[in-house]
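# Remarks on the overall topology
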Amino acid sequence: QSLLLTHQTEELKHLNEELDHIAHEDALTGIANRRSFDDVARKEWDRGLRDQQPLTLLLLDVDCFKKYNDFYGHGAGDLCLQSIGQALKASIMRTSDVVARYGGEEFVILLPNTKASGGVEVAQRVSQFIDDLAIKHEYSDAAPHVTVSIGITTIIANHTQSVIDLLKQADIALYQAKANGRHQYVVYTDKTTATTSPIASSLP
């Protein structure tokens, strides 16, 4: 009975670990999901408060993805997102960096202890990796292949702001990148606050 109980306990532990993994993984792309990102972002913000280290966030959007889905079909759209998810995963260099699907065709990359210049390096690498995929998109307004627009922001954690501010700033920068013609990145500064993103304004 003791051996049976031990076996059942181990099986239950394994099952719980598997369920937790499923709960934190995006089923389509195989990278972290929004729930997982939210959990890690809160922890990294708290760590940043203690250590006073910069936290950099990249918010990415696949350019003209609705047109891609409409003309190539949802199956092709899913494959496209899977390829992008893996390209993003390949673009990060540290185990502490987090790549997640934020929702739909939006992705996030969280870079703890990273200055804005480090975020720019990752954005350039991401853009190059996705360009190298050369996924045909003849209906894009940005390029003949699938591309991404990226908003970048950096905050040293403090008690007057939160992860929500990090997301809002990155989203405003992303909105500016799209307004500038897509297929590029924009780093958030005080000047970009003049452009109000509808997504940012709807965040709690």
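Preceding block: the structure.
The structure contained in this document is the topic of the report that follows. (Residues numbered from 1 in each chain as written. Predicted model: local features only at pLDDT ≥ 70, side-chain atom pairs only at ≥ 80, totals over all residues. Heavy atoms only, no water.)

The next thing to look at is helix α5 (residues 116-133). With 18 residues, α5 extends 26 Å between its outermost C-alpha atoms, agreeing within 8% with the 26 Å of an ideal straight helix rising 1.5 Å per residue. Check the buried side of α5 and you find it contacts β1 (54-62), α4 (74-91), β3 (106-112), β4 (148-156) and β5 (185-187). Positive phi appears at Ala-134, one or two residues downstream of α5, with a value of about 50°. (Helix = DSSP H or I, 4+ residues; strand = E, 2+ residues; numbered from the N terminus. Expected span 1.5 Å × (residues − 1). Contact = heavy atoms within 4.5 Å.)

What follows covers the packing of aromatic side chains. Remark: the centre distance and the inter-plane angle together describe each pair of aromatic rings, the angle taken between the planes. Scanning the entire structure with this criterion turns up 5 aromatic pairs. Ring geometry for Phe-37 against Tyr-102: centres 5.9 Å apart, planes inclined by 85°, an arrangement best described as edge-to-face. Of the two residues, Phe-37 sits in helix α2 (residues 34-51) while Tyr-102 sits in strand β2 (residues 98-103), which places them 65 residues apart along the sequence. Pair check on accessibility: Phe-37 and Tyr-102 agree, each one buried. The interplanar angle of 10° and the centroid separation of 6.1 Å between the aromatic rings of Phe-65 and Tyr-68 together place this pair among those described as stacked. (Phe/Tyr/Trp six-rings, centres within 6.5 Å; stacked < 30°, edge-to-face > 60°. Buried < 20%, exposed > 50% of the residue type's maximum accessible area, 1.4 Å probe, protein only.)

This part takes up the packing of α4 against α5. At a closest axis distance of 9 Å, the pairing of α4 and α5 adopts a crossing angle of 140°. Here α5 runs oblique to α4, going by the angle between their axes. Two packed elements cross with a definite hand, and for α4 against α5 that hand is right-handed. Residue-level contacts link Ser-83, Ile-84, Ala-87, Leu-88, Ala-90 and Ser-91 of α4 to Val-122, Arg-125, Val-126, Phe-129, Ile-130 and Leu-133 of α5. Partitioning the contact of α4 with α5 into residue classes produces 9 nonpolar, 2 polar and 1 charged. (Axes fitted to C-alpha atoms, helices over the stretch in contact; angles between N-to-C directions. Parallel < 35°, antiparallel > 145°, perpendicular 65-115°, else oblique. Left-handed = near helix turned anticlockwise from the far one by under 90°. Nonpolar A, V, L, I, M, F, W, Y, C, P; charged D, E, K, R; others polar.)

One finds Leu-58, Leu-60, Leu-88, Ile-109 and Val-126 to be the most contacted residues of the largest nonpolar core, which totals 26 residues. Taken together, the elements giving at least two residues each to this core come down to β1, α3 (65-72), α4, β3, α5 and β4. Setting aside its immediate chain neighbours within four residues, Leu-88 contacts Leu-60, Val-99, Phe-107, Ile-109, Val-126 and Ile-130. In this structure, Trp-45, Val-98, Ala-100 and Val-163 belong to the second largest nonpolar core, which totals 19 residues. (Core = buried A, V, L, I, M, F, W, Y, C linked by side-chain atoms within 4.5 Å.)

On to the sheet that holds β1, then. If you trace the 5 strands from one edge of the open sheet to the other, you get β2-β3-β1-β4-β5, paired in mixed fashion. Looking along the sheet, the strands with just one partner apiece sit at the ends: β2 and β5. The sheet shows a mean angle of 20° between the axes of neighbouring strands, direction not considered. Strand direction decides the pairing type here: β2 and β3, joined by 5 bridges, are antiparallel. Bridged to Ala-100 within β3 is Val-108. Against the sheet, α4 engages β1, β2 and β3, with an angle of about 10° to β3. The sheet contacts of helix α6 (residues 163-179) involve β1, β2, β3, β4 and β5, and relative to β4 the element is tilted by about 145°. (Pairing = 2+ DSSP bridges.)

Looking at the element boundaries, Thr-114 is found in the loop between β3 and α5. One polar contact links the side chain of Thr-114 to the main-chain carbonyl oxygen of Leu-111, over a distance of 3.4 Å. Within the local environment of Thr-114, its side chain forms a polar contact with the backbone oxygen of Pro-112, the two atoms lying 2.8 Å apart. Discounting chain neighbours no more than four positions away, the residues touching Thr-114 are Pro-54, Leu-55, Thr-56, Arg-94, Gly-119 and Thr-154. (Polar contact = N/O pair within 3.5 Å; in protein donor to acceptor, adjacent residues only side chain to side chain.)

Moving on: the packing of α3 against α4. Relative orientation of the contacting elements α3 and α4 amounts to 135°, with a least axis distance of 6 Å. With respect to α4, the element α3 is oriented oblique. Every residue of α4 that contacts α3 at Phe-65, Tyr-68, Asn-69 and Tyr-72 is listed here: His-74, Ala-76, Gly-77, Cys-80 and Leu-81. Per-class residue counts for the contact of α3 with α4 are 6 nonpolar, 3 polar and no charged.

Non-glycine residue Asn-113 carries a positive phi angle of around 50°. The topology assignment puts Asn-113 in the loop between β3 and α5. Given the relative accessible area of 46%, Asn-113 is considered partly exposed. For Arg-182, which is not glycine, the phi torsion reads 70° and is therefore positive. Tracing the chain through its elements places Arg-182 in the loop between α6 and β5.

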